[in-house]
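Residues per chain are reported as follows:
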Amino acid sequence: MATIKDIAKLAGVSHGTVSNVLNKRGNVSVEKIEAVYKAAKQMGYQLNTQAQLLRTYKSQKIAILLPQLVSDKYAIFFNSFRQSMAQYPEITYDLFLTDDLETTELDALQKIAAGGYRQVVAVSCLQDATIYFDTLKLAASQIIFIYRQPTNAYHFFTLDYSQATDAICQQIATSRSQLVGIFSDDHGNLENATFVSELQNNLKQKAPNKKFIIIRASNDESYKAAFDFFSGEQIPDLFVAEDIEKASFLTQASFFGSEGDCPAIFALSGNIPPILKGLHCFPMNYAQLGLEVVDELMREDHEKKTAGTNTAYVRNQSGNLYTATSAIITDNKSDPTLNLLILPSPSTNALKKLLPHFYRQTGIKVNLAVYPYDEVYQILGQLHLHPYYDLLRIDMACFPWFAERILQPLDKVGRGVTDLLNNFSLPTQQKYSLVNDTAYAMPFDASAQMLFYRKDLFEDPILKRMYYEKTGQELIVPTSFTEYDQVTQFFTELHEEGEFLRPIGASTTLGSAGLIATEYLLRYYAAGGKLISNGHIPRLEMPLAGQVLNEYLHQVSMTENIHNKWWSESVEQFEQGKLAMLIAYMNLFNDVAYSNIFPKIGFASVPGGIPQLGGGALGVSRYSQKTHYAEQFYRWLYSPIVMDHLILLGGNSNHQDFSHNQEICYRYPWMPLAYQEINRGIRESSIPNGKLFNLRQAEVIIGQGITNVVNKIMTIDETIEYINQRLLVDTQGER
């Protein structure tokens, strides 16, 4: 086998240089790094990962003991743990399955003790944690017990079951059921603040007239134990199951072991539960438990509590039950319809897939009229010629300009739907719903600009060294436009066609005046500029506007210029690995989550930290006579379950409950950051004194002016003067 000495000889460098390169340390030139990698590959050398780990500051091995991976609560926890640990590539972990058998668990502890593991996470079936400390010779702070708390356990993490039991018991209290069957795991003496104990206490308070029986069973015995509910003298008329697997066993036992239909079942589940009639699921944060356990493991030793018990209860951010609700069919004998004017987008595609459910629930058919942005804008400007539209998706840039003229206030839609705004933050309401303190629309697909980048490029040791040699600075994700332009230029100058690790730095979209204005204004806001100043008239501030325009022109000269009317081609080029970075509205990236480049995608706030907002609002046309149908549509669309599935299907929303869904955060990891960016983003679509102006028209004017500079028709100073004169005249006219 080749040694470091052999590699050094072949590469023509010293032994120490090879060591520094393979261990990613030291001040080594690009040429030497490439020579060492080439020699190592040629000789078939593989880096001794274990030796490298032992030299790493946070070097460690982690053992995870779980009963099995069949149950959601274990499988989702482990998947979340695995994904979180991807941030720490220097750390290894191994999984041990115990099948909830004491002998298997004790055997696993012996293997862990001999394997050099530094930390342990366990779902234990042992009654006392002392055997862990005695066998493993680890500090109590290095062992975390989850779900079950043995005696003498120091670190204990579990779920907060109070939300689930509260939601379930409220439903049970209003039901006609007399006997409740509770189907739970068999924890023995490990039951401490578990779901069942919480449920019993809650039932006694909220439904003291209900009787209940409890059957506990291990995973292996659960199938047979479920039949016991149907073999007694009294059969429960309602069930509560501790997990979705036990709910499934109950349906099997009812189907084969009883003469009647299966009673309603309430069950804890993962984030995407089955939607079946009679099954009521409470999604639990199994994944969040995994995230918080990893956070605890990665904390420095001096930060951990070692005196007394350290117990953590992970809460959900939502208390919603998911169920197949009964249909509310309209009593209108004709075929009721709603006509929705909307533009093509990922949210439109997602909504289209969900509309059959709305029809099944209400009997109301929604017809989507999908037109390009400019045509939608033109129709909105002449809506009196199109009175057949009931629902209107309006871009947030022109929403305030149109709202009072063409929309009905939300409190006039049916019996009023303003209560639905409680699901959105105040900043979201102010930008996507309120005009002069009146709610005219619901936020539909609120979005914000974000910076997306190739993580593999920013972590590549050769590229990092090349960047340092060129600039004297570390290659990091840019937080300012000065850094962004410098990184862009570096990659563009390094670009090699067809080389995955040599893409162009970034792109500039030049096919639409509105898009040009958006990319320019992002820089303008980052530099401290405002479109609406003390004069309450939209204008660009000089000399700042000219300086920013000069920077924008420099950007155009070193980026991939894309002449397209939308950012779709830029996103496609990033997806194909042709761009190192891309600033784009986050909703455009949802489809990229299913591409091969997904694991390499990093994301951050835009340079300067002031993103522009995008997306639109959903309002009811003032000409519509179907507001009672529109109310049903709103209450369906903005229900937590439909919002979740809209996002899972690639749509977009700033609905505050989405963040509890770990499946969403897994598929689209930028969504939690996007939620924050939307709340702090900017889009100056109205004037502080309440007066409105046409921001859409303003952006077109700015983009047209910038195009004149790009085409060398005007100087920078002439362009800013031209833009300001047109803003003064063309954005204040009658609507």
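Residues numbered from 1 in each chain as written. Predicted model: local features only at pLDDT ≥ 70, side-chain atom pairs only at ≥ 80, totals over all residues. Heavy atoms only, no water.

An unreviewed UniProt entry lists the chain under the name Mgl repressor and galactose ultrainduction factor, with Providencia rettgeri given as the organism.

Caption draft 1: Molecular detail of the sheet that holds strand β13 (residues 337-342). If you walk across this open sheet you meet the five strands as β14-β13-β15-β25-β18, and the pairing is mixed. Among the strands making up the open sheet, the edge pair consists of β14 (365-370) and β18 (441-443). On average, each strand axis in the sheet is inclined to that of its neighbour by 25°, with strand direction left out of account. For β13 and strand β15 (residues 391-395), the ladder comprises two bridges, and the chain directions are parallel. Residue pairing in the sheet places Leu-341 in a bridge with Leu-392 of β15. Across the sheet, helix α13 (residues 346-362) is in contact with β13 and β14; its angle to β14 comes to roughly 165°. (Pairing = 2+ DSSP bridges. Helix = DSSP H or I, 4+ residues; strand = E, 2+ residues; numbered from the N terminus. Axes fitted to C-alpha atoms, helices over the stretch in contact; angles between N-to-C directions. Contact = heavy atoms within 4.5 Å.)

Caption draft 2: Focus on the packing of aromatic side chains. Per the counting criterion, the structure on display carries 38 aromatic pairs. Ring centres of Tyr-223 and Phe-227 lie 5.4 Å apart, and the angle between their planes is 70°; on these two criteria the pair is classed as edge-to-face. Here Tyr-223 pairs with Phe-227, and both are found in helix α10 (residues 222-228), just four residues apart, close to one helical turn. The exposure class of Tyr-223 is partly exposed, given its relative accessible area of 37%. (Phe/Tyr/Trp six-rings, centres within 6.5 Å; stacked < 30°, edge-to-face > 60°. Buried < 20%, exposed > 50% of the residue type's maximum accessible area, 1.4 Å probe, protein only.)

Caption draft 3: Fine view of the packing of helix α27 (residues 695-710) against helix α28 (residues 716-730). The N-to-C vectors of α27 and α28 enclose an angle of 160°; their axes lie 9 Å apart at closest approach. Overall, the two elements α27 and α28 adopt an arrangement that is roughly antiparallel. The hand of the α27/α28 crossing is right-handed. In contact with Gln-697, Ala-698, Ile-701, Ile-702, Gln-704, Gly-705, Ile-706, Asn-708 and Val-709 of α27, α28 contributes Ile-716, Thr-719, Tyr-722, Ile-723, Arg-726, Leu-727 and Asp-730. When the residues that make up the contact of α27 with α28 are grouped by side-chain class, the tally is nine nonpolar, five polar and two charged. (Parallel < 35°, antiparallel > 145°, perpendicular 65-115°, else oblique. Left-handed = near helix turned anticlockwise from the far one by under 90°. Nonpolar A, V, L, I, M, F, W, Y, C, P; charged D, E, K, R; others polar.)

Caption draft 4: Structural view of the side chain of Ser-425. Its place among the elements puts Ser-425 in the loop between α15 (399-406) and α16 (426-432). Classification of Ser-425 as buried rests on a relative accessible area of 13%. Polar contacts involving the side chain of Ser-425 include one to the side chain of Thr-428, which spans 2.9 Å. Not counting chain neighbours up to four residues away, the residues in contact with Ser-425 comprise Asn-654, Tyr-675 and Asn-679. (Polar contact = N/O pair within 3.5 Å; in protein donor to acceptor, adjacent residues only side chain to side chain.)

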